[in-house]
Number of protein chains: 2
Amino acid sequence: MNLWSTLERAARLHPRNVAVVEDGRSTDYARLRARCAAFARVLRAHGVRPGERVSILAWNGQAFLEAYYAAAGAGAVLNPLNVRLVARELREILADCGARLLIADSGFAELLREVVAAPTAVEHVLWIGAEGSTGAPERGASLERSIAAELERGAGAWTPDTVAGDALAHLYYTSGTTGRAKGVMLTHRNVSVHALATLFELGLGERDTWAHVAPMFHLADAWATFAITWAGGRHVVLPRFEPVAALELMERERVTITNLIPTMLNLMVRHPSARGRDYRSLRLVLSGGAPIAPQVVREILDVFGCDYVQTYGMTETSPYLTLSLLKDHLRALPAEEQLAYKCKTGRPFAAVELQVVDAEGREIPGDERTVGEIRVRGETVTPGYWNRPEETAAAFRDGWLMTGDLAVIDGEGYVTIVDRKKDMILTGGENVYSTEVEHVLYEHPAILEAAVFARPDALWGERVCAAVVLRLGTNANAEELAAFCRARLAGYKVPREIDFLASLPRTGSGKILKRALREPVAG
Amino acid sequence: MNLWSTLERAARLHPRNVAVVEDGRSTDYARLRARCAAFARVLRAHGVRPGERVSILAWNGQAFLEAYYAAAGAGAVLNPLNVRLVARELREILADCGARLLIADSGFAELLREVVAAPTAVEHVLWIGAEGSTGAPERGASLERSIAAELERGAGAWTPDTVAGDALAHLYYTSGTTGRAKGVMLTHRNVSVHALATLFELGLGERDTWAHVAPMFHLADAWATFAITWAGGRHVVLPRFEPVAALELMERERVTITNLIPTMLNLMVRHPSARGRDYRSLRLVLSGGAPIAPQVVREILDVFGCDYVQTYGMTETSPYLTLSLLKDHLRALPAEEQLAYKCKTGRPFAAVELQVVDAEGREIPGDERTVGEIRVRGETVTPGYWNRPEETAAAFRDGWLMTGDLAVIDGEGYVTIVDRKKDMILTGGENVYSTEVEHVLYEHPAILEAAVFARPDALWGERVCAAVVLRLGTNANAEELAAFCRARLAGYKVPREIDFLASLPRTGSGKILKRALREPVAG
C-alpha cells in the first residue's frame with residue numbers, strides 16, 4: 001500500500017476530526033488531505049517523478065507532516081535532513097541522494113546558499129515560512145503560495161501515484177556517529193507495517209493527541225505521522241525543543257502520548273516549572289533514541305503521573321525493535337518491580353523477530369548475565385543503504401540485520417542493552433558496559449547528565465572515563481564521584497578520569513556523541 | 001515474515017500461558033511450539049518441501065491449529081478442505097493442488113477411500129484421532145504417534161524454513177457457490193498483515209479466549225489462529241457445531257471473543273437454553289461469512305449482553321474487508337441508532353483500501369441510496385487463483401479486486417451490502433436486493449430463517465421468490481407472509497412465491513446456497 005492511504009482513510013472516516021494544531025490553528029482531516037493533494041500536485045508540477053528523491057530541511061511543523069504525505073502521494077522518496085548538519089554534510093547528502101527539489105525552512109536560506117555554492121543536483125527550493133525574507137540560492141518559490149494556487153485551481157479528484165509496497169518511501173541518513181553518512185532506505189511497506197504494529201501495541205485511537213516534540217526528521221517521532229493519522233488522531237507540533245515550551249504544550253493541548261528523547265525528558269522533568277501542571281490527559285510517555293537512566297524514569301512517572309514505556313530502535317528498522325510494555329502477569333507486581341521492567345530495553349516489538357546471539361549466531365541463555373548481540377528481521381527492516389551494496393551486505397548475516405547492540409536477556413524475554421558493540425570498554429581483560437556505570441552516576445544527586453566512554457591506556461588497553469554535567473547550584477568533585485561509584489561498582493568499572501562539562505556534545509537527534517568526548521579536555 | 005514467528009513469539013514471551021484447550025486438556029505455548037516443531041519435522045520426514053501443498057480434511061481441533069503452524073514452519077502451503085464436500089469435489093481439489101500428503105480425521109477414512117479410488121497425487125495420509133480404527137486408503141500413519149516419536153527423539157532446536165513474505169502460506173478453495181472450485185492463494189504476508197490489523201482493530205491481548213466454533217477450514221475463523229497466538233491468548237475448540245454445545249463452551253471456557261456465522265448465531269440465540277447462562281467474560285461477538293438480519297443482532301445483544309460487530313470479507317482478502325466498529329462520536333448515540341450502525345456491513349478494515357464504484361470505476365456518492373460495486377486493494381489481498389491466470393486477471397481491474405458485492409455507502413463511511421451482483425433480482429426493470437426483503441421476513445415472529453432469490457419469469461424477466469423455515473410451534477402461510485411484506489415494502493419487492501422448508505440448503509461454511517433454491521420444490 002501507498003502510505004498516502006492512511007491519510008485517505010482519515011479524511012474519509014474522520015473528515016471533521018482535528019488533524020493538526022499549529023500555533024493555535026486547527027486543520028481537520030478533510031482540509032489536510034486537500035492541502036497534501038495540492039502539495040503533491042506542486043511536486044508533480046516541478047517534474048518530480050515516482051521514485052525520485054525530495055529533500056526537506058525543516059523544524060517541526062505542519063509543513064513537515066504535509067511533506068511526508070505529499071511525497072508519498074506523488075510516489076517520491078522523502079529525504080528528511082538533520083537540522084544540525086553543517087553545509088559540508090548537507091552537500092554530501094544532497095549529492096548522494098541526487099534530490100532536484102528541496103523543501104526548506106526559510107531560516108536556513110543562509111546555510112543553503114553555502115551548501116549550493118558547490119554544485120549539487122538541487123534545481124528548486126520550496127520555502128516554508130516567511131517567503132522572500134531571504135534570497136533563494138536557486139530558483140525558489142513559497143510552498144504556502146504554491147499550495148494555495150493549486151487549491152484555488154480547484155482540488156478536484158486526486159489520484160496518488162500507485163506504488164508497490166516495496167517502493168521506497170523515505171531515505172534517512174544516519175546521524176553520523178559512525179563515519180560517513182549512509183542513506184537508510186525505507187519502503188512504504190516497512191513504514192506502514194510499523195505504523196500498524198504501533199496502533200496495536202500502543203492502542204492508538206481517534207482520542208489520541210500526539211505531540212511532535214522530538215524532531216520530525218528523526219524516526220523516534222516520524223513513525224507517529226502515519227500511525228496517528230491512520231487512527232484519525234490529532235497531531236500537535238512544537239517547532240523547536242525547549243523544556244518549558246514542551247511542558248506547556250503537553251498541558252495546553254491535552255497531549256495523550258508522545259515519544260521523547262531521554263535528554264529532552266531529563267531536561268523537562270528536572271525543570272523547576274515541571275511540577276504543578278495538569279497532565280491528566282497524558283496516558284503514556286515513550287522514550288527512545290538513546291538509553292535512559294532508571295532515576296530519570298522514576299522522575300517521569302512522578303512528574304507526569306502517567307505510564308512510561310522504554311523504546312529501542314534504529315533508523316534501519318522503522319524504528320522500533322523493543323518496547324518495555326509489561327506482560328499481563330507483570331502488572332500484578334509491586335510498583336518498584338514493575339519499574340525495573342519498565343526500565344529494561346523491552347521485549348520485542350510486535351512487528352519484529354528478535355534474537356540475542358553469540359559470535360557464532362547461537363542464541364544466548366536468558367540468564368540476564370550472558371551478553372550477546374541483538375539481531376532482527378521482519379517486514380519493518382530496511383532493504384539496505386542507498387547505493388551502498390557492500391555496506392548493505394555487511395549489515396546482514398544469514399538474513400538477519402545485525403544491530404551492533406550488546407544486550408542481556410531475562411527469563412521473561414525482556415532484553416537490556418548494555419552497550420553499543422563499539423562503545424564497550426575493554427580494560428585489563430574485563431568488559432565494562434558504559435550504561436551500567438552511567439546509571440550509577442545518574443543516582444548521584446549533583447549529576448544532571450553523564451556519559452561513560454573509553455580512552456586508550458598503555459597499561460590496561462583502555463581505561464574507563466566519564467564526562468558529567470552538574471545540576472545548577474550543586475557541587476561535586478571527581479574524588480567524591482569516584483567514591484560514590486566505588487561503593488556501588490566493582491573497582492575496574494569505576495571511572496579513572498571524570499571531566500566536568502557545561503553540556504554534553506550531541507548529534508542532531510539528541511544522542512550523546514561519545515566519539516567527541518574521547519579527546520581529553522584542556523586543563 | 002513466516003507465520004511461524006507468531007507462535008515463536010508466544011512461546012518465548014508467554015511460554016506458560018494456556019495456548020489451547022481441547023476436551024478439557026490444556027496445552028501451553030511452550031508445549032504447543034514443541035508439538036508444532038515435531039509436526040513440522042514429520043512433514044519434512046515425509047519429503048514435504050517448501051512451496052509444496054499439504055491438504056487437511058478435519059473437524060475443528062487442536063490438530064488443525066497445529067497443522068497451520070507445522071505447515072508454515074516447514075514452508076509448505078496448507079490446503080484446508082471443506083468437510084461437507086463429496087468425494088468427487090475432494091478429488092478435483094486434490095488433483096488441482098497436487099498435494100502428496102493429506103492430514104485427515106480418521107472419521108473420513110470411508111470417504112477418502114472413495115476419493116482415491118480414482119488416481120490423485122496423494123501418497124501418504126496422517127490420521128487425526130483413533131488410529132487404526134479404519135483402514136487407510138493409502139500409506140497412512142497416526143499423526144499423534146508421529147508427533148510423539150519426534151518429541152521423543154528430542155526436540156532440540158527447530159529452525160523453520162525461511163520463506164519470503166510473498167511465499168504462499170494457504171490455498172483455500174472457494175466454497176463452490178459459483179461453478180468450479182478455484183484455489184485462492186494467500187501469502188504469509190497476506191495472513192500476517194491481516195492478523196496484525198485484527199490485533200489493533202479488536203484490541204486483542206493475552207487475556208482473550210477465542211472459541212473456534214465456526215469451521216477452522218474457513219477464514220471467518222482461521223485468521224484468529226494467528227492473531228490470538230500472536231497476542232499470547234487462549235484458543236478453545238468445538239469439534240462440530242451444535243447450538244447447545246457452543247453455548248456451553250462460551251460459558252464454561254469463559255470465552256471473550258469469537259466470530260460466528262449468522263446461521264449459527266441465529267440457532268444459538270433462539271435456542272431455549274440460550275438464556276440464563278453466564279456470559280460475563282464474553283466481550284465481543286463477531287458475525288461474518290454471510291449477511292445477518294437486524295432482528296438477530298438485537299437478540300444477540302440481548303442474550304449475550306456483550307458488544308457486537310458485523311464483519312464482511314472474502315477468502316480472497318484473508319478475509320476481513322469491513323467491520324461495523326463504531327467511530328468515537330457514534331458511541332454517544334442512543335442505543336437504537338448505535339444498533340443501526342452495528343447492523344451495517346461496516347467501515348473499511350484497517351488493512352484495506354475500499355471503494356464503492358459505478359460501472360465506469362467512479363466512486364458513488366455517500367447518500368445511502370446509490371448502489372455500486374465494492375472494490376478493494378491492500379496487503380491482505382490474494383495474489384490470485386492457483387494455476388488460473390485468466391480467472392485471476394478477470395478478478396482485478398486497475399489493480400483493484402472487484403468483489404462482486406453491491407453496496408450503498410453512508411455519510412459516515414459505513415457501507416451496507418445490498419446484494420451479491422449475481423443474486424440481484426431484476427424484475428420488470430426494477431432492481432430488487434434480496435437482503436432488503438430477507439430483513440423484512442426476519443422481522444416476522446414465525447420465521448426462523450429466510451432466503452430471497454429469483455426465478456425466471458416470462459413476463460417480468462425474473463420474479464422475487466423466498467424460502468423460509470418456520471420456528472418450532474409457530475404457523476404462517478404464504479398469503480400472511482406476503483401481506484406482512486406488502487405492508488413494509490414496495491409491491492414489486494414482495495415475494496411472489498414462498499417455499500416452506502425444514503431447513504435451508506447450505507455450503508460447508510454455512511452460507512445459504514441460493515442456487516439450490518431456484519428449482520421449485522415439488523408439491
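Residues numbered from 1 in each chain as written. Chains lettered and ligands numbered in written order. Predicted model: local features only at pLDDT ≥ 70, side-chain atom pairs only at ≥ 80, totals over all residues.

1. Things to note about the interface of chain B and chain A
Logical step 1: With 25 residues of chain B at the contact, the number on the chain A side is 25 residues.
Logical step 2: Looking at the side of chain B that touches chain A, the elements that each hand over two or more residues are helix 1 (4-13), helix 7 (188-201) and strand 16 (347-348) of chain B.
Logical step 3: When residues in the side of chain B that touches chain A are grouped by element, the largest group, 5 residues, is from helix 7 of chain B.
Logical step 4: Class assignment of the residues belonging to the side of chain B that touches chain A gives a composition of 9 nonpolar, 7 polar and 9 charged. (Contact = placed C-beta atoms within 7 Å. Helix = DSSP H or I, 4+ residues; strand = E, 2+ residues; numbered from the N terminus. Nonpolar A, V, L, I, M, F, W, Y, C, P; charged D, E, K, R; others polar.)

2. Section: the pairing of strand 3 (residues 53-57) of chain B
Residues and elements named next belong to chain B.
Logical step 1: Most of strand 3 is tucked away, with 5 of its 5 residues classed as buried.
Logical step 2: Residues of strand 3 alternate between two faces, with R53, S55 and L57 on one and V54 and I56 on the opposite face, all of them buried.
Logical step 3: Sheet topology note: the strand 3/strand 4 (residues 77-80) ladder contains 4 bridges and is parallel. Bridge assignment links V54 to a residue of strand 4, and that residue is L78.
Logical step 4: Relative to strand 5 (residues 101-105), strand 3 runs parallel, the two being bridged by 4 bridges. The residue bridging V54 from the neighbouring strand is L101, located in strand 5. (Buried ≥ 20, exposed ≤ 12 C-beta atoms within 10 Å, placed from the backbone. Pairing = 2+ DSSP bridges.)

3. Let's talk about the nonpolar core
Logical step 1: In this structure, L43 and A71 of chain A together with L43 and A71 of chain B are the most contacted members of the largest nonpolar core, which totals 347 residues.
Logical step 2: Not counting residues up to four positions away in its chain, the partners in contact with L43 of chain A are V48, V54, A70, A71, A74, A76 and L101 of chain A. (Core = buried A, V, L, I, M, F, W, Y, C linked by C-beta atoms within 7 Å.)

4. Focus: the relation of the copies chain B and chain A
Superposition of the two copies of the chain requires a rotation about an axis and a shift along the axis.
Logical step 1: Each copy of the sequence occupies a distinct position, and chain B is placed on chain A by a rotation of 180° and an axial shift of 0.0 Å, giving an RMSD of 0.1 Å. On this basis, the relationship between the two copies can be described by a two-fold rotation axis. Rotation axis and chain B: the residue whose C-alpha lies nearest the axis is F200 of chain B, separated from it by 2.0 Å.
Logical step 2: Of the interface residues in chain B, 100% have counterparts in chain A that sit at the interface too, so the contact is made through matching surfaces. (Least-squares fit on C-alpha atoms with pLDDT ≥ 70 in both.)

5. Quick look at the environment of R91 of chain B
All names here are of chain B.
Logical step 1: Looking at the element boundaries, R91 is found in helix 4 (residues 87-97).
Logical step 2: The exposure class assigned to R91 is buried, which follows from the 20 C-beta atoms found within 10 Å.
Logical step 3: Among all residues touching R91, those that are not within four sequence positions of it are V115, A118 and T120.

6. Regarding the domain arrangement of chain A
Residue and element names in this part refer to chain A.
Logical step 1: In terms of domains, chain A is made up of domain 1 (4-187), domain 2 (241-358 + 404-420) and domain 3 (425-517).
Logical step 2: Centre-to-centre, using C-alpha coordinates, domain 2 lies 22 Å away from domain 3.
Logical step 3: Taken together, the contacts link 16 residues of domain 2 with 15 residues of domain 3.
Logical step 4: Among the secondary structure elements, those contributing two or more residues to the side of domain 2 that touches domain 3 are helix 10 (262-269), helix 11 (294-304) and strand 22 (415-420).
Logical step 5: In the side of domain 2 that touches domain 3, the residues fall into 10 nonpolar, 4 polar and 2 charged. (Domains from an automatic or database assignment.)

7. Some remarks on unusual backbone geometry
All names here are of chain A.
Logical step 1: Note the cis peptide between S318 and P319, where omega equals 5°.
Logical step 2: Tracing the sequence through the fold places P319 in the loop between strand 14 (307-313) and strand 15 (320-323).
Logical step 3: Of note in this structure, N387 is not a glycine but carries a positive phi near 55°.
Logical step 4: Summarising the element assignment, N387 is placed in the loop between strand 19 (384-385) and helix 13 (389-395).
Logical step 5: You can call N387 partly exposed: it has 13 C-beta atoms within 10 Å.

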